[in-house]
Amino acid sequence: MKLSGWKWPGSEVDSVDFDPNAPKYLYKYMGESLFEFFENCGLRFTQRSSFNDPFEQLKVDRQKLERLDADQRQALLADCANVYAHSKTLVANIFQKKMELEKSSLSTDVSDYTNGAGLLCLSEVPDSLLMWSHYASEHRGFVIEINAEYFWKNQLYKNDGKFIVRRVLYRDARVDDQQLGLHEYLFDTPHQTISTKSSHWSYEHEWRIEAPLGDGLCFVLKDGDGEANKIYKSKNPYYLHKIPEQYITKIIFGANCRMQDILRVKNKLETNRSLSHVLMKLAVLDPTDFRLRLVNIKHSDFGGISESCYAP
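What comes next concerns the included structure. Nothing here was measured: the structure is a model prediction, and the numbers come from that model. (Residues numbered from 1 in each chain as written. Predicted model: local features only at pLDDT ≥ 70, side-chain atom pairs only at ≥ 80, totals over all residues. Heavy atoms only, no water.)

**Notes on the nonpolar core**
Inclusion rule: In these notes, a set of buried Ala, Val, Leu, Ile, Met, Phe, Trp, Tyr and Cys residues joined through side-chain atoms within 4.5 Å is what counts as a nonpolar core. Each residue's exposure class comes from its accessible area (1.4 Å probe, protein chains only) as a fraction of the maximum for that residue type: buried when under 20%, exposed when over 50%, partly exposed otherwise. Strands are runs of DSSP state E lasting at least 2 residues, helices are runs of H or I lasting at least 4, and numbering of each runs from the N terminus. Only heavy atoms matter for contacts: two residues are in contact if any of them lie within 4.5 Å across the pair.
Counting residues in hydrophobic clusters, the biggest one holds 39 residues, and the most contacted among them are Ile144, Phe151 and Ile251. With four residues, the single largest contributor to this core is helix α8 (residues 259-271). Look past the residues within four positions of isoleucine 144 in its chain and what remains in contact with it is Leu26, Tyr27, Lys28, Met30, Phe37, Phe38, Ile248, Lys250 and Ile251. Tyr29, Val143, Tyr203 and Leu292 belong to the second-largest nonpolar core, a separate cluster that totals 11 residues.

Structure (structure tokens):
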């Protein structure tokens, strides 16, 4: 599929290739404490410093390795069984760097995070056992299905869109051939740091949506005192982008999701007319295989069951 008639100023590009395998739906895994999603339909665009992968968006630094002397290099590259290789200067440099980073982190003001970009991380698959375990409260949470057309039609190079959409590339080697041109940045070169992760993460089947945090596209989640909310002791405030309700198509409850939480979400769908179209599924353990089955749920299935049954 091509976007014909479009040309980036100063370039020779007159059409843009779209991934023919781009999924129709993308999925957001959410924890059990986030059923409030249906209050504002907001999905988090996360700052780089809040990601759980320490390699996130870091390129190869070959000069750093070349600056090490023989003892430092031996100490750095020794395997876990080696208890003899040691370099006092290497350890001193590592400690110094850690202290500088921690001091800088502690002194960073919240406002420093309002002018950059954030990433929304979504998956192609709704039934990954590891994703449910790692990002959905050990199968107690849920998954939101989103019609991906919302992101495709609001990409940066289309009309006034502001999203940059990338499929994550998984590989064993870190990136050291990053393309720096604007065209490469926008239109996905093979080895961009922002969308390249270790093959260890390949089970995520991830797509990344990049967007600016400080121009009104996202809103900051506030606490009861009107202050920027920092959930789970994160030093960064939570930036949320409201997904239009019509693009939310399903909710999938985890295999260990509490009946009380299922009822609370079901009731929100029933009472909010703009969400009445959202379908429900329940993840169920397959009787014989290591996989999840996604069972359809109807509102009529809850006859005689109410939240009052589970009131504290």
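**Focus on the packing of aromatic side chains**
Filter applied, for reference: Working definition: a ring pair exists when centres of Phe, Tyr or Trp rings (six-membered ring for Trp) sit within 6.5 Å. Plane angles under 30 degrees give stacked, over 60 give edge-to-face, the rest tilted. Whether a charge sits over a ring comes down to the Lys NZ or Arg CZ being within 6 Å of the ring centre and within 35 degrees of the ring normal.
Applying the stated criterion across every chain yields a total of nine aromatic pairs. Taken together, a centroid distance of 5.3 Å and an interplanar angle of 70 degrees make the contact between tyrosine 150 and phenylalanine 151 edge-to-face. Ring centres of phenylalanine 151 and phenylalanine 163 lie 5.5 Å apart, and the angle between their planes is 70 degrees; this geometry places the pair in the edge-to-face category. Here phenylalanine 163 lies in the loop between α6 (149-152) and β5 (164-167) and phenylalanine 151 lies in helix α6, a separation of 12 residues in the sequence. Take phenylalanine 151 and phenylalanine 163: they sit in the same class, and that class is buried. Every member of this aromatic cluster is reached through a ring pair, and the members are Phe45, Tyr150, Phe151, Phe163 and Tyr247. When the ring centre of tryptophan 201 is taken as reference, the NZ or CZ atom of lysine 197 above it lies at 4.4 Å. Directly above the ring of tyrosine 25 sits lysine 250, whose terminal nitrogen or CZ lies 5.6 Å from the centroid.

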